[in-house]
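Notes for the structure review
So the chains spell out like this:
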Amino acid sequence: MKKKKRKKGSHIPFRMNMLFFVVFVLFSVLVLRLGIVQIVYGQDYKKELEQSEDVTVNTSVPRGRILDRNDKLIVGNKPLRAITYTRTQSADQQKMLKVAESLAKIISKDSPKDLKQITERDKKDFWILIHPKEAAKLVSKKEQAKLDNDSDKIYALQLKRITKKDLDSLTKQDLEVLSIYREMSSGYTLSPQIIKNQNVTNKEYAKVSENLESLPGVDITTDWERYYVFKEANGDSVLGSVLGGVTSEKEGLPSDKVQYYTARDYSRNDRVGKSYLEEEYEDVLKGEKEKIKNQTDKSGNVLKSLVVSKGERGSDLVLSVDIDLQQQVEKIITQELQKARASNPLVDRAFVTVMNPNTGEVLTMAGKQFHTDTKTGKVSVQDFALGNMTTSYPMGSAVKGATVLTGYQTGAIKPGQVFTDEPLHFKGTSTKKSWVPVGFGNINDLYALRVSSNVYMFRTAMSLGGQKTYKPYGTLDIDKIKAINTFRKYFAEFGLGVKTGIDLPGEQTGYQTAIPPNNGNVLDFAIGQFDTYTPLQLAQYVSTIANGGYRVQPHIAKEIREPSKNGEQLGPVEKEIGTKVLNRIDMSQSEINRVKQGFYDVAHAIHGTAYGHIDQDLKVAGKTGTAQAVYGGEKVEQYEAAGKTKPEIWNHVWNSTFVGYAPYNKPEIAISVVVPWSYVGDNADPHTNLEIANRVFKAYFDLKKKHEKENSNQSSTQMIQDMKK
């Protein structure tokens, strides 16, 4: 018994020693391994652990405001509640889908507008995402092998095999999730993408705010949209077409200018000016975007964000336009067109440009066009202000001031020269005469302008073309090419037939008719019946005469202001858009003054073509115009669509025009009025052009008095306040 006990006792210590030895060996190996990791590879592991990437993203800022010359806000920014999603580099489709499903329970994203944006392809992609097993069965293993297991080709085949029944299985709730998901997936990595910014309720905003921790990538912020202060009865903004538009975040950069903008640090989903003023002054209005540097780990998770540069909204653009005058002129055009259409349904548009002849500041650019809905027959009035620079017409006698001055400069006529105004008969050419069939008899240049003599201009053109004398029924023997090219050269000095240089894109130059074999067309050119010009060119032309011979560049922007801190007041002037003289017409001051006298007689002397139609107290000088034209309005398209033959009378319509300035002795404004197809055939001239012109001049001077009175009252109030202080 004792012997057995001794053997057992000696065996236990041996086992314990072996166990301790094994533990020692294992511990030594662990210590050795830790030593190797820390000493040999420690720095490498530390670098890999600390490895991160800096990604800089830009955030949008509100655009600058647009104001009129009297500091009245025309275009501003309306703040909007917004819900955004920022996709991290580690976010995959399933993670984004989970967030979209959670977000769909909080916000509403199923409006008709939202659902309309969902395409069939969106639905197919989404169906595959939420039905992965069913989608996998759409392409067999054998088919996958034939496609070399190319994932893109397999996916394309899956899309092709999704049926209408599959898509119809998507519930309204599914579509709402899809509406959110497609917004989330359309944004750039680490760049906030707007999920909803229209009609975000207080409840939605608060709910999302409360659940941000469970909605990775989602955030709440403030967005903006353009709003227009002055509206017309139909809801369109006043001066709308000239102001232009801004792309939405969904539109992003215009497709034809993506490279241009991305090269200038724009993101593809940035909002930019896409037309006219908003486009022309994009660099001014866009502002400086906030730059944020995001530091991410190797998995793409954001570690921290740092504001590199704080954003600043765009500068404010102050226009030369008087919005009060703009509204009144638009109203005048609409009313006078409605009156004219009562007797002539072909007249459907009219244009008025008002500018300061000394500085080139455009005070008003207005145009209206009547449009008939072919289905309902309902007639609506549309803004067509851009027609002042994008459409051109034969302007008739309004250009005769340029004809007379060209005659002076070329030596074709001399100031005071007398011609006999009588019907001119030429061999092989139709009779050329003034609007009074028997003529005006012996007249000089001043009287010719007053009564708008065609024959006087014909004789000027003949002389310019090398034929100094007239022989009844003789040959019209002139160098037509040299004559027309000479006219065009001098007309261009006034701005006729060339771009005016206005600070808006898309300006047209008009149409230069090819020189035909008929010498009589040289005579037509002299009375504005050959080339076509824009209403804006007419305004520049009459301004050149009004200011004594300087062709000034019209501009619709007056100054650029730095953005103010409160966003309501105007900041300091950043840049003034000054007067730019394009050229000085090559004619003496005495010759220009003589034409100005002729223009004055048009409105103030008996037999003047505007006499009795323009208020004498306004001291207007100007020139009327009537040009035979071919109708080219909306009815042409209607007849062509119906296969109808156009009525012959459409080839005998008349354009009515007027150019003028006031006051005669010290011009403040110059205007052009163009009413295409004003009346038809032998019908009486309704003088729509003169009715519009008279009312526009009166509106300007009435508003001038009003503004002066308001400024005087403000000055008096300020003075009293200063005295109290």
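Bear in mind that the values here come from a model prediction, so they are computed numbers and not experimental data.

Thresholds applied
- Residues numbered from 1 in each chain as written.
- Predicted model: local features only at pLDDT ≥ 70, side-chain atom pairs only at ≥ 80, totals over all residues.
- Heavy atoms only, no water.
- Buried < 20%, exposed > 50% of the residue type's maximum accessible area, 1.4 Å probe, protein only.
- Helix = DSSP H or I, 4+ residues; strand = E, 2+ residues; numbered from the N terminus.
- Pairing = 2+ DSSP bridges.
- Patch = residues over 30% accessible without salt bridge, like charges linked within 9 Å, V, L, I, M, F, W, Y side chains within 5 Å.
- Areas by Shrake-Rupley, 256 points an atom, 1.4 Å probe, with all protein chains shown as cover.
- Salt bridge = Lys/Arg side-chain N within 4 Å of Asp/Glu carboxyl O.
- Axes fitted to C-alpha atoms, helices over the stretch in contact; angles between N-to-C directions.
- Contact = heavy atoms within 4.5 Å.
- Phe/Tyr/Trp six-rings, centres within 6.5 Å; stacked < 30°, edge-to-face > 60°.
- Lys NZ or Arg CZ within 6 Å of the ring centre and 35° of its normal.
- Parallel < 35°, antiparallel > 145°, perpendicular 65-115°, else oblique.
- Left-handed = near helix turned anticlockwise from the far one by under 90°.
- Nonpolar A, V, L, I, M, F, W, Y, C, P; charged D, E, K, R; others polar.
- 1 Å grid on protein atoms, 1.4 Å probe; cavity = no way out; pocket = protein on both sides within 12 Å on 5 of 7 lines; lining within 4 Å.
- Points joined across faces, edges and corners; volume = space filled by probe spheres on them.
- Expected span 1.5 Å × (residues − 1).
- Core = buried A, V, L, I, M, F, W, Y, C linked by side-chain atoms within 4.5 Å.
- Polar contact = N/O pair within 3.5 Å; in protein donor to acceptor, adjacent residues only side chain to side chain.

Turning our eyes to something else, we now look at the pairing of strand β17 (residues 557-561). Within β17, four of the five residues are buried, which leaves it mostly tucked inside the rest of the structure. Across three bridges, the pairing between β17 and strand β18 (residues 573-576) is antiparallel. Within the sheet, the bridge partner assigned to Glu559 lies in β18 and is Glu576.

Let us now look at a nonpolar patch on the surface. On the surface, Phe21, Val22, Phe24, Val25, Leu26 and Val29 cluster together into a nonpolar patch covering about 570 Å² of accessible area. Relative to the elements of secondary structure, Leu26 occurs in helix α1 (residues 2-40).

In space, the six strands of this open sheet follow the order β11-β10-β9-β22-β21-β20, with antiparallel pairing throughout. The open sheet has two free edges, formed respectively by β11 (379-383) and β20 (621-629), since each of these has just one partner strand. Sheet twist, expressed as the mean angle between neighbouring strand axes with direction ignored, is 15°. Here strand β10 (residues 362-372) pairs with β11 via five bridges, running antiparallel. Note on β11: the bridge partner recorded for His371 is Ser380. On top of the sheet, helix α24 (residues 589-604) reaches β20 and β21 (653-662); it is set at about 75° to β20, its chief contact.

What follows concerns the packing of aromatic side chains. One pass over the full model with this rule turns up 21 aromatic pairs. Measuring from ring centre to ring centre gives 6.3 Å for Tyr393 and Trp677, while their planes differ by 80°; the resulting arrangement is edge-to-face. Of this pair, Tyr393 sits in the loop between α17 (387-390) and α18 (400-410) while Trp677 sits in strand β22 (residues 669-680), placing them 284 residues apart in sequence. On the accessibility criterion, Trp677 (4% relative accessible area) is buried. Where Tyr600 meets Tyr664, the ring centres are 4.6 Å apart and the plane angle is 45°; that geometry is what we call tilted. Of the two residues, Tyr600 sits in helix α24 while Tyr664 sits in the loop between β21 and β22, which places them 64 residues apart along the sequence. For Tyr664, a relative accessible area of 23% corresponds to the partly exposed category. Taken together, Phe351, Phe384, Tyr393, Tyr631, Tyr639, Trp650 and Trp677 form an aromatic cluster joined through their ring pairs. The ring of Tyr205 has Arg81 sitting right over it, with the charged end atom 5.8 Å from the ring centre.

Moving on to the packing of helix α3 (residues 93-104) against helix α10 (residues 172-185). Contact geometry for α3 and α10: axes closest at 9 Å, N-to-C directions at 130°. The angle between α3 and α10 falls in the class oblique. Considering only the axes of α3 and α10, their crossing is right-handed. Facing Gln93, Met96, Leu97, Val99, Ala100, Glu101, Leu103 and Ala104 of α3, the residues of α10 in contact are Glu176, Val177, Ile180, Tyr181, Met184 and Ser185. For the contact of α3 with α10, the per-class residue count stands at ten nonpolar, two polar and two charged.

A word on unusual backbone geometry. Of note, the amide linkage connecting Ala662 to Pro663 takes the cis form, showing an omega dihedral of -15°. Relative to the assigned elements, Pro663 resides in the loop between β21 and β22. Phi is positive for Asn149, close to 55°, though the residue is something other than glycine. Within the secondary structure, Asn149 is located in the loop between α7 (141-146) and α8 (151-161). Relative accessible area serves as the criterion here: at 54%, Asn149 is assigned to the exposed category. Its identity is not glycine, yet Trp677 carries a phi of approximately 55°, on the positive side.

Under the defined criterion, the tally for this structure stands at two cavities of 30 Å³ or more. Forming the walls of the largest cavity are 13 residues, and the residues nearest its centre are Leu496, Gly497, Gln512, Asp531 and Tyr533. A per-class count over the lining of the largest cavity returns six nonpolar, five polar and two charged. Forming the walls of the second largest cavity are Arg341, Pro345, Leu346, Asp348, Thr372, Tyr631, Glu634 and Lys635. Split into classes, the residues belonging to the lining of the second largest cavity amount to three nonpolar, one polar and four charged.

With 14 residues, α10 should reach 20 Å at 1.5 Å per residue; the first-to-last C-alpha distance of 20 Å fits that figure. All of the buried residues along α10 are Leu175, Glu176, Val177, Leu178, Ser179, Ile180, Tyr181, Glu183 and Met184. Of the surrounding elements, those touching the buried residues of α10 are β3 (73-85), α3, α4 (112-116), α5 (120-130) and β4 (193-196).

Within the fold, Tyr533 resides in the loop between α22 (520-526) and α23 (535-546). As for Tyr533 and Gly497, which are separated by 36 residues in sequence, their C-alpha atoms are 5.9 Å apart. Setting aside residues up to four positions removed in sequence, Tyr533 forms contacts with Thr391, Ser392, Tyr393, Met395, Val399, Phe491, Leu496, Gly497 and Phe525.

It is worth spelling out the nonpolar core at this point. If you look at the biggest cluster of nonpolar residues, it comprises 65 residues, and the most contacted ones within it are Tyr541 and Phe599. Broken down by element, the residue count for this core peaks at seven residues, all from helix α20 (residues 454-464). Discounting residues that sit within four places of it in the chain, Tyr541 has contacts with Ala398, Val399, Lys400, Gly401, Ala402, Phe494, Leu496, Phe599 and Val659. With 34 residues, the next largest nonpolar core counts Ile333, Leu363, Ile614 and Val675 among its residues.

The subject of this paragraph is the side chain of Gln144. Relative to the assigned elements, Gln144 resides in helix α7. Ignoring sequence-local partners within four residues, the contact set of Gln144 consists of Ala136, Val139, Asn149 and Ile154.

The next subject is the side chain of Asp531. Among the secondary structure elements, Asp531 is positioned in the loop between α22 and α23. Residue class for Asp531 comes out buried when judged on its relative accessible area of 4%. Looking at Asp531, its side chain comes within polar contact range of the side chain of Arg488, at 2.8 Å. Within the structure, the side chain of Asp531 is placed 3.0 Å from the backbone nitrogen of Thr513, a separation counted as a polar contact. Apart from the residues within four sequence positions on either side, Asp531 is in contact with Tyr393, Pro394, Arg488, Tyr511, Gln512, Thr513 and Phe525.

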